[in-house]
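Reading the structure
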Amino acid sequence: MSDENTSAPSTTPAPARWRRALSGVGRILDALQTGVKRTVLVLAIGGMTAGIIMGVQMSRPPALQDQTVLVLDLQGVLREQASDGARQSLLAQAQGEAPQKLRLRDVLAALDHAQRDPKIRAVMLKLDDFGGTGLSSLREVAAALERFKASGKPVTAWGYDWDQRAYYLAARANEVWLHPMGSVLVEGYGRQRNYYKDALDKWGVQANVIRVGKYKNAGEPYFTNGPSKETLESEAHVYEAIWALYRRGVEKARKLPDGAIQQAIDSLPASLVAVGGSPAAWALQQKWVDALKTHDEMRKAMMDAGAVDEEKKTFRQVSLQQYLKQLPRRAADAPVAIVVAEGEIGDGQAPAGRVGGDSTSALIRKAREDEKVKALVLRVNSPGGSAFASEQIRRELELTRAAGKPVVVSMGDVAASGGYWIAMAADEVIAEPATITGSIGVFGILPTAQGLMDKAGVRTGGYRTTWLVGAYDFRRDLDPRFAQLVQSSIGHIYTDFTTKAAAARSTTREAIDAVAQGRIWTGEQARGHGLIDRTGTLADAIKAARERAKLAEDAAVRYVEKSPSPLSAVLERFGVAEATAHQWVALAQALGLVKEAAAPGMPMGAAAAAAAAWLPATGLAPDLWWLNDVVQARQPFAAVVHCFCGSER
């Protein structure tokens, strides 16, 4: 019998068999690919989980040992709220400032907790990289340092380069040590603004500023070549008052006779020459500091006074950021809510560090609709901005009061113009003596550039069914009828502003008008004119809110605010320095200062690079950003309640 195969022959064509074979191979490859994908996914998830676990472990607060020194190395500008916006980052970098992450509330909380913490022996102040803040915030920190000292624990300050804002805090220390090659620079208060009339005339641009209030000088730099007598009068009254508060504070802290700070400044330069030109020796002679010590001498003195970190060969210490992790979290259901209104007021949404008509109103509404919130504190640190957005916020506070929840306003460094407007619906307004407030006035600006168009040989024209079509056109001179229309509108808003202020302060509109007209005041001066209820700190405002809501004197407090955006976190992680430079080049090019530009990632020409460095260095940053906003059709005829003012030097 034959051994040949007796199975039936295949009738499937060869191409089909090949297709089935290849299909089988494909399924195998798909399975393998899926397996690889799953493996990669599992590994990725595992890696992320491990990273999260490690991050949590690394973020756990270190166990403090006895005799630990809390080191307050304050870097950057001290703010009410960390900024969370690309534009804020750009402006901060352009002005040579660090990202805004140093918060007043954190410094105060750390100091108040440390005074009761048995592990904390002392506080060390390092202020060489301190970007400063307004005098009101400085006074808040100074008061916290005094409370810490009252607990029996010492404060030491050491550094090599202090401006007057850093020195205001350093002066609070029990021991003030300066490096032998260091310096303390106390100058006083004042400012020098840029005035653009001649430059705009050369470019063929007219500012067309329309205002109500003879002291309302926010638009002044665009239509004059120097400060008006009203501006000088108003600023002199405020700056002299703030300077007096500064001098008295330092002289009291250093136990110096009245007038000692002014006398020391007036003695220059002769008194510096007398000590051989050494700023450190001069500061020691004036009793502004207690001793001159190098870094190693400071470290040895701190080790001798406390405990030694054997591993790091220095005194035992903890940083502010690490110590903040030791503090208990704020209760999520605290009955006192704080909403921060910091920065310029604009329409719509705004990131943290700025005030948005919609976004800030939403935060107030959120607090009002939360049944666990019994009282609201609005912390204001704003020079104002959009009148419409300011009214949105004021209305939300009015509704909060109508809902039976007390509203207390706490004014920080600045609460002027729109910053004052939003405070007009409070049960009580409390300002720090050094707060800059008032500036009750309105202005509008309608820049036109027909002269520039003429120089370029460009003409405009076209059919219009009414005179209002294109009545405001940046390319043509301002139509007088449109100017009258805007003047009338701004006058109406000023009347509304002063009427609301009169109702809020229980007085007449005429009485408010007499102290309004766009004039700024310190908090102490404003109290004398009836624009606020009393002077005090944020803590005083919180206490008042508790009392008005009939809460316990230790009722918990929480902040109601937006979380930082994911995009902002990514930008911060990777930096925006290059973007900053190109933003400045674009602005310089728009203004005709340079003709060349480069796309991000491409090398800049010499003129463009110079503009990127020169523009921020001249102090043009806020003025040109603001004017650029107006030109970019952001309702150029909208009324503005803004004060270009501040207590920072």
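Coordinates for the structure precede this section.
Overview of the structure. All values reported here derive from a predicted model rather than from experimental measurement.

1. Some words on the overall build of the protein chain
In terms of helices and strands, the protein chain carries 24 helices and 24 strands. Residues classed as buried in the protein chain amount to 48% of the 649 residues present. In the structure as shown, the protein chain presents an accessible area of about 31600 Å², 55% of it carried by carbon and sulfur atoms.

2. Examining the packing of helix α13 (residues 357-369) against helix α14 (residues 387-402)
Closest axis-to-axis distance for the α13/α14 pair is 8 Å, and the angle between their directions is 5 degrees. In terms of their interaxial angle, α13 and α14 are classed as roughly parallel. Between α13, through Gly357, Asp358, Thr360, Ser361, Ile364, Arg365 and Arg368, and α14, the contact on the second element is made entirely by Ala389, Gln392, Ile393, Glu396, Leu397, Leu399 and Thr400. Within the contact of α13 with α14, the residues separate by chemical class into five nonpolar, five polar and four charged.

3. What to know about the packing of aromatic side chains
Inspection of the entire model under this criterion finds ten aromatic pairs. Plain terms: the ring middles of Trp282 and Trp288 are 5.0 Å apart, the flat faces sit at 80 degrees to each other, and that makes the pair edge-to-face. Like Trp288, Trp282 is buried. Through a chain of ring-to-ring contacts, three or more aromatic side chains come together here, namely Trp162, Tyr167, Trp282 and Trp288. Just above the ring of Tyr559 sits the side chain of Arg105; from NZ or CZ to the centre is 3.7 Å.

4. Some details on the environment of Asp128
With respect to the helices and strands, the residue Asp128 is situated in the loop between β3 (120-126) and β4 (130-132). We classify Asp128 as buried; its relative accessible area is 16%. Along the chain, Asp128 and Asp163 lie 35 residues apart, while their C-alpha atoms are 8.4 Å from each other. The residues touching Asp128, leaving out its near neighbours within four places in the chain, are Trp158, Gly159, Tyr160, Asp161 and Trp162. A distance of 2.8 Å separates a polar atom in the side chain of Asp128 from the backbone nitrogen of Asp161.

5. Here's the deal with the environment of Gly357
Topologically, Gly357 is positioned in helix α13. Taking the C-alpha atoms as reference points, Gly357 and Gly346, separated by eleven residues in sequence, lie 6.1 Å from one another. Once you skip the residues sitting within four places of it in the chain, Gly357 turns out to touch Gly346, Asp347, Gly348, Ala389, Gln392 and Ile393.

So, how was this worked out
Residues numbered from 1 in each chain as written. Predicted model: local features only at pLDDT ≥ 70, side-chain atom pairs only at ≥ 80, totals over all residues. Heavy atoms only, no water. Helix = DSSP H or I, 4+ residues; strand = E, 2+ residues; numbered from the N terminus. Buried < 20%, exposed > 50% of the residue type's maximum accessible area, 1.4 Å probe, protein only. Areas by Shrake-Rupley, 256 points an atom, 1.4 Å probe, with all protein chains shown as cover. Axes fitted to C-alpha atoms, helices over the stretch in contact; angles between N-to-C directions. Parallel < 35°, antiparallel > 145°, perpendicular 65-115°, else oblique. Contact = heavy atoms within 4.5 Å. Nonpolar A, V, L, I, M, F, W, Y, C, P; charged D, E, K, R; others polar. Phe/Tyr/Trp six-rings, centres within 6.5 Å; stacked < 30°, edge-to-face > 60°. Lys NZ or Arg CZ within 6 Å of the ring centre and 35° of its normal. Polar contact = N/O pair within 3.5 Å; in protein donor to acceptor, adjacent residues only side chain to side chain.

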